[in-house]
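Working through the structure, step by step
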Amino acid sequence: MEWKRGEAITGTYASTVQRNLIGRAMATAGAAVAFLGTFLPWLRSGTRRRSSYEIFSLVDRLGFSQSSVIGWGLRLWPIVPFLLASAVTLQWFPRRWARGGSAIVAVVYVAVVAIAVESAPATSLIAVEYGPWVTLAGMAIFATGALVNRQ
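Remember, it's a predicted structure, so these values are computed and weren't measured experimentally.

**What about the overall build of the protein chain?**
Assigned secondary structure in the protein chain consists of 5 helices and 3 strands. Scanning the protein chain from its N terminus toward the C terminus, one meets helices and strands in the order α-β-β-α-α-α-β-α. Within the protein chain, the proportion of its 151 residues that are buried is 40%. Look at the contacts in the protein chain between residues 6 or more apart in sequence, and 68% of them connect residues 24 or more apart. Accessible surface, the protein chain as shown: approximately 8900 Å² in total, 67% of it carbon and sulfur.

Following this line, the structure appears as structure tokens:
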């Protein structure tokens, strides 16, 4: 049987390729949304809105210890763009262990820090904004795409 240009490719292989392409595109879009969310306002202190990259000095005011896991997570937060870029890049490569491992690390790290900041007790000086929610939504899309792209 010969394939002609313009005809649809059918079969198991074609559906697997299509599913992987959809998963990779979802993971890429989700990481882009999460990356955008890191630059949106995460906290408001007084009249100033702060992105996720500007909240290092507020770790204590948020109720986290400098030596706690979340305190370390906030201090290491500038690696998130690199982490997201490497996780997305590995989604396009054939090694399942690399795709899965990088996706798990990225999703767990970003989601745990975003949830911790979102659930921090509000004080009269600091209010949580919408940036963590956008970041979490992007990571949920990324995780779904990574799961679709599992083969």
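Still to come is the rest of the account.
**What to know about the pattern of salt bridges**
In this structure the tally under the stated criterion is 3 salt bridges. A salt bridge links Arg48 to Glu54, with the nearest nitrogen and oxygen atoms 3.1 Å apart. Residues participating in the shared-partner salt-bridge network are Arg44, Arg49 and Glu129.

**Brief notes about the sheet that holds strand β2 (residues 48-50)**
Judged by pairing direction, the sheet is antiparallel, and its 3 strands sit side by side in the order β2-β1-β3 without closing on themselves. The open sheet has two edge strands with one neighbour each: β2 and β3 (126-128). Across the sheet, the axes of successive neighbouring strands diverge by a mean angle of 25°, strand direction being ignored. With 3 bridges joining them, strand β1 (residues 43-45) and β3 adopt antiparallel strand pairing. Paired with Arg44 across the two strands is Ala127, which belongs to β3.

**What to know about the nonpolar core**
If you look at the biggest cluster of nonpolar residues, it comprises 34 residues, and the most contacted ones within it are Leu43, Leu74, Trp77, Met139 and Phe142. Elements that contribute at least two residues to this core include exactly α1 (12-39), α2 (69-75), α3 (80-91), α4 (96-118) and α5 (131-148). It is α4 that provides the largest number of residues to this core, a total of 10 residues. Once residues within four sequence positions are removed from consideration, Phe142 is found in contact with Met26, Ala27, Gly30, Ala31, Ala87, Val88, Gln91, Ala103 and Val107.

**Remarks on the packing of α3 against α4**
Following both chains from N to C, one finds α3 and α4 inclined at 150°, their axes separated by 8 Å at the closest point. As judged from the angle between their axes, α3 and α4 are roughly antiparallel. In the crossing of α3 with α4, the sense of the turn from one axis to the other is left-handed. In contact with Val80, Leu83, Ala87, Leu90 and Gln91 of α3, α4 contributes Ala98, Arg99, Ser102, Ala103, Val105, Ala106, Tyr109 and Val110. Its residues assigned to classes, the contact of α3 with α4 shows 10 nonpolar, 2 polar and 1 charged.

Rules behind the numbers
- Residues numbered from 1 in each chain as written.
- Predicted model: local features only at pLDDT ≥ 70, side-chain atom pairs only at ≥ 80, totals over all residues.
- Heavy atoms only, no water.
- Helix = DSSP H or I, 4+ residues; strand = E, 2+ residues; numbered from the N terminus.
- Buried < 20%, exposed > 50% of the residue type's maximum accessible area, 1.4 Å probe, protein only.
- Contact = heavy atoms within 4.5 Å.
- Areas by Shrake-Rupley, 256 points an atom, 1.4 Å probe, with all protein chains shown as cover.
- Salt bridge = Lys/Arg side-chain N within 4 Å of Asp/Glu carboxyl O.
- Pairing = 2+ DSSP bridges.
- Axes fitted to C-alpha atoms, helices over the stretch in contact; angles between N-to-C directions.
- Core = buried A, V, L, I, M, F, W, Y, C linked by side-chain atoms within 4.5 Å.
- Parallel < 35°, antiparallel > 145°, perpendicular 65-115°, else oblique.
- Left-handed = near helix turned anticlockwise from the far one by under 90°.
- Nonpolar A, V, L, I, M, F, W, Y, C, P; charged D, E, K, R; others polar.

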